[in-house]
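Here's the letter readout for the chains.
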Number of protein chains: 2
Amino acid sequence: MKKQGVLLIISGPSGSGKGTVVEQLCKRDNFSLSISATTRTPRDYEIDGVHYFFHTREEFLRMQEHKELLEWAEFCGNYYGTPRKYVVEQLAQGKNVILEIEVQGALQIKKIYPDGVLVFLMPPNLEELGRRLTNRGTEDKDTINRRIHRALEEMELAQEYDYVVINDTVEEATEDLLVIVQAERMKCSRNPNIKKIFKGEM
Amino acid sequence: MKKQGVLLIISGPSGSGKGTVVEQLCKRDNFSLSISATTRTPRDYEIDGVHYFFHTREEFLRMQEHKELLEWAEFCGNYYGTPRKYVVEQLAQGKNVILEIEVQGALQIKKIYPDGVLVFLMPPNLEELGRRLTNRGTEDKDTINRRIHRALEEMELAQEYDYVVINDTVEEATEDLLVIVQAERMKCSRNPNIKKIFKGEM
């Protein structure tokens with residue numbers, strides 16, 4: 001029997017560097033990224049089942065109705081969601097599944113899948129966050145200030161998360177996430193058959 | 001402000017190798033072993049406040065009455081217990097405190113100190129446990145069978161623990177315990193002031 005993987009749900013404000021950290025984790029053999037379902041039109045290079053699961057509005061609403069989505073949201077007139085089936089299959093194969101998602105969606109998932117592990121990724125401090133957002137050079141001062149304000153708001157909700165990781169460097173933050181998954185896999189709640197395994201009955 | 005350490009409560013059946021693992025952890029700078037209080041007579045080499053805190057029966061009962069013990073038990077006509085004060089002081093200094101204790105005492109502590117982390121150390125399987133107990137060469141077959149029976153009983157209660165660590169080798173088991181402590185320190189519940197720290201207010 002293969003040991004169930006861990007569903008790792010990562011959130012963090014713009015400038016926390018979650019994209020880069022998730023990329024590092026996905027390079028590992030035993031990690032796989034969750035694939036979202038969407039109703040938006042695929043771009044030229046996008047492959048169904050790789051970048052997204054593409055669906056019609058009708059299909060998406062049917063999935064939603066049949067509770068086949070772990071969470072969903074509407075954005076710019078399109079639906080986006082996390083199909084339960086893909087996640088559950090990967091976990092059953094022993095893969096740790098990563099879900100990069102904003103705070104509201106993350107808390108929504110935790111309610112219906114309490115075994116999911118919520119990690120909030122933080123930039124080390126206010127000055128560094130300002131520096132990271134400024135260095136991008138893509139946003140004006142007003143936008144940066146709005147993002148900082150938003151980050152502080154999200155941190156309030158982070159208290160409902162399981163873990164907080166401070167992203168000082170990508171290497172350390174990636175290592176911290178690996179440590180969290182390793183510890184989670186040793187939780188008694190995730191090892192209900194330990195006595196049977198010990199006795200050689202499983 | 002120094003970050004609070006983690007109280008690591010380790011149990012495991014005879015033959016799980018917890019003594020050796022605890023010894024390895026204690027070699028680390030940021031770990032310290034809890035010191036028990038007892039009413040038994042000190043042996044020649046034993047130093048008060050190092051090996052035990054030695055107390056009269058009256059003192060011990062007073063401590064118990066004033067809820068100054070995290071747990072206590074009577075054994076061969078003497079009282080043994082874990083003084084709360086020493087543990088709390090070490091944790092406040094940022095030290096992780098290790099408590100090696102049997103299952104009943106561990107569950108007793110978890111009730112009054114829910115931040116304590118309960119780890120159950122397991123021998124890898126039934127055959128290996130038998131081998132370890134036999135190799136000691138100190139116990140007869142009956143005693144060994146009783147110990148195995150007891151180990152299986154304790155494993156039932158282990159489901160109430162937080163983590164289970166399988167002691168295949170001392171090195172790996174020690175590493176697993178370090179991983180657990182590292183992950184625990186990232187728990188949001190242990191970092192209530194993260195937003196203030198981020199804003200430079202602490």
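The rules we used
- Residues numbered from 1 in each chain as written.
- Chains lettered and ligands numbered in written order.
- Predicted model: local features only at pLDDT ≥ 70, side-chain atom pairs only at ≥ 80, totals over all residues.
- Heavy atoms only, no water.
- Pairing = 2+ DSSP bridges.
- Helix = DSSP H or I, 4+ residues; strand = E, 2+ residues; numbered from the N terminus.
- Axes fitted to C-alpha atoms, helices over the stretch in contact; angles between N-to-C directions.
- Contact = heavy atoms within 4.5 Å.
- Buried area = accessible area lost by both parts, 1.4 Å probe.
- Salt bridge = Lys/Arg side-chain N within 4 Å of Asp/Glu carboxyl O.
- Nonpolar A, V, L, I, M, F, W, Y, C, P; charged D, E, K, R; others polar.
- Buried < 20%, exposed > 50% of the residue type's maximum accessible area, 1.4 Å probe, protein only.
- Least-squares fit on C-alpha atoms with pLDDT ≥ 70 in both.
- UniProt positions renumbered as here; feature names shortened; annotations may be inferred.
- Polar contact = N/O pair within 3.5 Å; in protein donor to acceptor, adjacent residues only side chain to side chain.

**With respect to the sheet that holds strand β7 (residues 96–100) of chain B**
Residue and element names in this part refer to chain B. Here we have five strands laid out as an open sheet, ordered β2-β7-β1-β8-β9, and parallel in their pairing. This sheet does not close on itself; its edge strands, each paired only once, are β2 (31–33) and β9 (163–166). Here the average twist between neighbouring strands, direction ignored, is 30°. Inspection of the sheet shows strand β8 (residues 117–122) paired to β9 by four bridges, in the parallel sense. Looking across to β9, one finds that Leu-121 is bridged to Val-165. Most of the contacts of helix α1 (residues 18–26) go to β7, to which it runs at about 165°, and overall it touches β1 (7–11), β2, β7 and β8. Relative to β9, helix α7 (residues 170–185) is tilted by about 155°, and along the sheet it contacts β1, β2, β7, β8 and β9.

**Things to note about the interface of chain A and chain B**
The interface is formed by 31 residues belonging to chain A together with 31 residues belonging to chain B. Taking both partners together, chain A and chain B bury about 3,000 Å²; carbon and sulfur atoms supply 71% of that area. On the chain A side of the contact with chain B, Met-186, Cys-188 and Phe-198 of chain A bury the most area, a combined 27% of that side's loss. The residue Glu-156 of chain B makes a salt bridge to Lys-195 of chain A at a minimum N-O spacing of 2.5 Å. It is helix α7 (residues 170–184) of chain A that provides the largest number of residues to the side of chain A that touches chain B, a total of five residues. Partitioned by chemical class, the residues of the side of chain A that touches chain B number 21 nonpolar, four polar and six charged.

**Things to note about the pattern of salt bridges**
Two side chains that carry opposite charge are able to pair once their charged atoms sit near each other. Residue and element names in this part refer to chain A. According to the stated counting rule, one finds 22 salt bridges over all chains in the structure shown. Between Glu-68 and Arg-62 there is a salt bridge, with the nearest N and O atoms lying 3.7 Å from each other. Classification of Glu-68 as partly exposed rests on a relative accessible area of 30%. Here Lys-85 ties to Glu-89 by a salt bridge, and the two come within 3.2 Å at their closest N and O atoms. Here Glu-89 and Lys-85 lie together in helix α3 (residues 84–92), a separation of four residues that amounts to about one turn. Three or more residues joined by partner-sharing salt bridges are found here, namely Glu-128, Arg-131 and Arg-132.

**Some thoughts on the environment of Pro-114 of chain A**
For Pro-114 of chain A, the position within the fold is in the loop between α4 (103–112) and β8 (117–122). Between the C-alpha atom of Pro-114 of chain A and that of Leu-7 of chain A, which follows or precedes it by 107 residues, the distance is 9.8 Å.

**Looking at the relation of the copies chain A and chain B**
The operation relating chain A to chain B is a screw motion whose rotation component is 180°, with 0.0 Å of axial translation and a residual RMSD of 0.0 Å. The superposition of one copy onto the other is thereby described by a two-fold rotation axis. Of all interface residues in chain A, 100% are interface residues in chain B too; the two copies therefore contact each other through one and the same surface.

**A look at the UniProt feature "binding site: ATP" (unreviewed entry) in chain A**
Residue and element names in this part refer to chain A. Under the present numbering, the feature "binding site: ATP" (unreviewed entry) in UniProt falls on Gly-12, Pro-13, Ser-14, Gly-15, Ser-16, Gly-17, Lys-18 and Gly-19. The topology assignment puts Ser-16 in the loop between β1 (7–11) and α1 (18–26). Here Ser-16 is in contact with Leu-121, Met-122, Pro-123, Arg-132 and Asn-167, once residues within four sequence places are set aside. Only 2.7 Å separates the side chain of Ser-16 from the backbone oxygen of Pro-13, close enough to count as a polar contact. With respect to the helices, strands and loops of the structure, Gly-17 is situated in the loop between β1 and α1. Gly-17 gets classed as partly exposed once you look at its relative accessible area, which sits at 25%. In contact with Gly-17, not counting residues within four places along its chain, are Leu-121 and Asn-167.

**Examining unusual backbone geometry**
For Cys-76 of chain A, which is not glycine, the phi torsion reads 50° and is therefore positive. Within the element layout of this structure, Cys-76 of chain A appears in the loop between β5 (69–75) and β6 (78–83). We note that Lys-67 of chain B has phi near 55°; this positive angle belongs to a residue other than glycine. Mapped onto the elements, Lys-67 of chain B comes out in the loop between α2 (57–65) and β5 (69–75).

**Things to note about the sheet that holds strand β6 (residues 78–83) of chain B**
All names here are of chain B. Taken together, the four strands give an open sheet; going across it, the order is β4-β3-β6-β5, and neighbouring strands pair in mixed fashion. A strand with exactly one partner marks an edge of an open sheet, and here the two such strands are β4 (53–54) and β5. Relative to β6, β5 is paired through five bridges, and the arrangement is antiparallel. When the sheet's bridge partners are listed, Ala-73 is paired in β6 with Tyr-80.

**Observations regarding the environment of Asp-115 of chain A**
All names here are of chain A. The topology assignment puts Asp-115 in the loop between α4 and β8. The partly exposed category is assigned to Asp-115, whose relative accessible area is 42%. In this structure, the C-alpha to C-alpha distance between Asp-115 and Tyr-161, residues 46 residues apart in sequence, is 12 Å.

**Let's talk about the side chain of Thr-38 of chain A**
Assignment of secondary structure puts Thr-38 of chain A in strand β3 (residues 37–38). Reaching out from Thr-38 of chain A, the side chain makes a polar contact with the backbone nitrogen of Arg-40 of chain A at a distance of 3.1 Å.

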